[in-house]
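# Close look at the chain arrangement
Chain by chain, the residues run as shown.
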Amino acid sequence: MSQTMDIQKLLKSVVAYKASDLHLVSRSEPQIRIDGKLVALNLPILTGEDIEAMSYSLLTEKQKKAFEEDWELDFSLVIPDVGRFRANYYRTMGDIACAFRIIPIDIPSLDQLNAKQIFKEIIKREKGLILVTGPTGSGKSTTLAAMLNEINMTESKHIITVEDPVEFVHQNKKCLFSHRNIDTDTGSFSTALKYAMREDPDVILIGEMRDRETISAALTAAETGHLVFGTLHTNSAPQTINRIIDVFAGDEQPQVRAQLSTSLIAVISQALLPKIGGGRVAAQEIFITNPAIANLIREDKVHQLYSQMQLNQAGTGMVTQSQELIDFLRKKMITKESAIQFSNRPDELVRMIQAL
């Protein structure tokens, strides 16, 4: 059996076990992640040579050269009749190692994700910035894909996605999609955003807002009549707003606060928790900008945002993570231990649990 078949067999096992990831690291057997936990496959321990032979079989000459120069490589691949994967190659103790994440080919709808009604309302906005945040592996890409899918089913718009690498590939329903991959279609996020303005987009998805240039371009696009979606590795709305502002120099921050106060529509901060009985559930904190919140952002009073989120929630559509976790506990979907482990305000959550 060829090495190509071996790697394809391993990737097939990810699908067969309903896993999210496959890890190939030397001195270990292949491991997959099921419901957030790593599980070793009952296979021989891998050497660096085994992994190199398997992993290089998936690369083009250009990708091999890029990996050997940088010792880091991100790309996506499609294996016919198996699925689509996001791959990362890196080195550990002198050997090549790989992480593969499965990307579902079928894009879920907001209804299939049991998303709250507010999601369908915010995506109807003509312009502004919608951020989905959370740690790696918290389902941010899936939530964003479902929101774009909803726009695709209900409106006729040009949607540009800029990703590293492109994950969910949307079929044109009512919308026209231009998927752009860093390195193969454009040089960088900031370059792609600079030129996106000339490509007549209505909606722009930025795979990761990781530097000052990208964040600045995103804010400008959101101000100038585009609906912009982006992600950050932050755990709450106040933390997200502070992270964006802190990327800029002190003398630029008042202008950035002013831009955020007018262009930020929503921050959805999520974590994926193990469900009792198997599977996982997304706990989502939903923050929506309103005039009072816009003033707090403009006036550099981000520390007061959380208390503002708790006011008139029926009218605003806002939910704190603690409220969402308490709701899951009442429905017996998760354990107390999981709720506290994943909480971004564990002290507050413990008090709420004691009051149950």
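Scope of this entry: the structure provided in the associated data block. Owing to the predicted nature of the structure, the values given are computational and were not obtained by experimental measurement.

About the cut-offs
Residues numbered from 1 in each chain as written. Predicted model: local features only at pLDDT ≥ 70, side-chain atom pairs only at ≥ 80, totals over all residues. Heavy atoms only, no water. Pairing = 2+ DSSP bridges. Helix = DSSP H or I, 4+ residues; strand = E, 2+ residues; numbered from the N terminus. Axes fitted to C-alpha atoms, helices over the stretch in contact; angles between N-to-C directions. Contact = heavy atoms within 4.5 Å. Core = buried A, V, L, I, M, F, W, Y, C linked by side-chain atoms within 4.5 Å. Buried < 20%, exposed > 50% of the residue type's maximum accessible area, 1.4 Å probe, protein only. Left-handed = near helix turned anticlockwise from the far one by under 90°. Nonpolar A, V, L, I, M, F, W, Y, C, P; charged D, E, K, R; others polar.

Looking now at the sheet that holds strand β10 (residues 203-206). Reading across from one edge, β9-β8-β10-β11-β7-β12-β13 is the order of the seven strands in this open sheet, with mixed pairing throughout. With one partner strand each, in any of the chains shown, β9 (176-181) and β13 (280-288) form the two edges of the open sheet. Recorded for the sheet is a direction-independent mean angle of 15° between the axes of neighbouring strands. In the packing of helix α13 (residues 321-330) onto the sheet, contacts are made with β12 (264-274) and β13, and the angle to β13 comes to roughly 145°.

Here the focus is the nonpolar core. The biggest cluster of nonpolar side chains holds 62 residues, and the ones touching the most others in it are M147, F229 and F287. Sort the elements by how many residues they give to this core and helix α7 (residues 212-223) lands first, with six residues. With near-sequence residues (within four places) excluded, M147 lies in contact with L110, F119, I123, I130, V132, F229 and I268. Formed by 27 residues, the second largest nonpolar core is a distinct cluster that contains L22, M54, F85 and A87.

Quick look at the packing of α13 against helix α15 (residues 346-354) now. Where α13 contacts α15, the two axes come as close as 10 Å, and the packing angle between them is 40°. Crossing of α13 against α15: the hand is right-handed. Of the residues in α15, those in contact with S322, Q323, L325, I326 and L329 of α13 are E348, L349, M352 and I353. Considering only residue class, the contact of α13 with α15 consists of six nonpolar, two polar and one charged.

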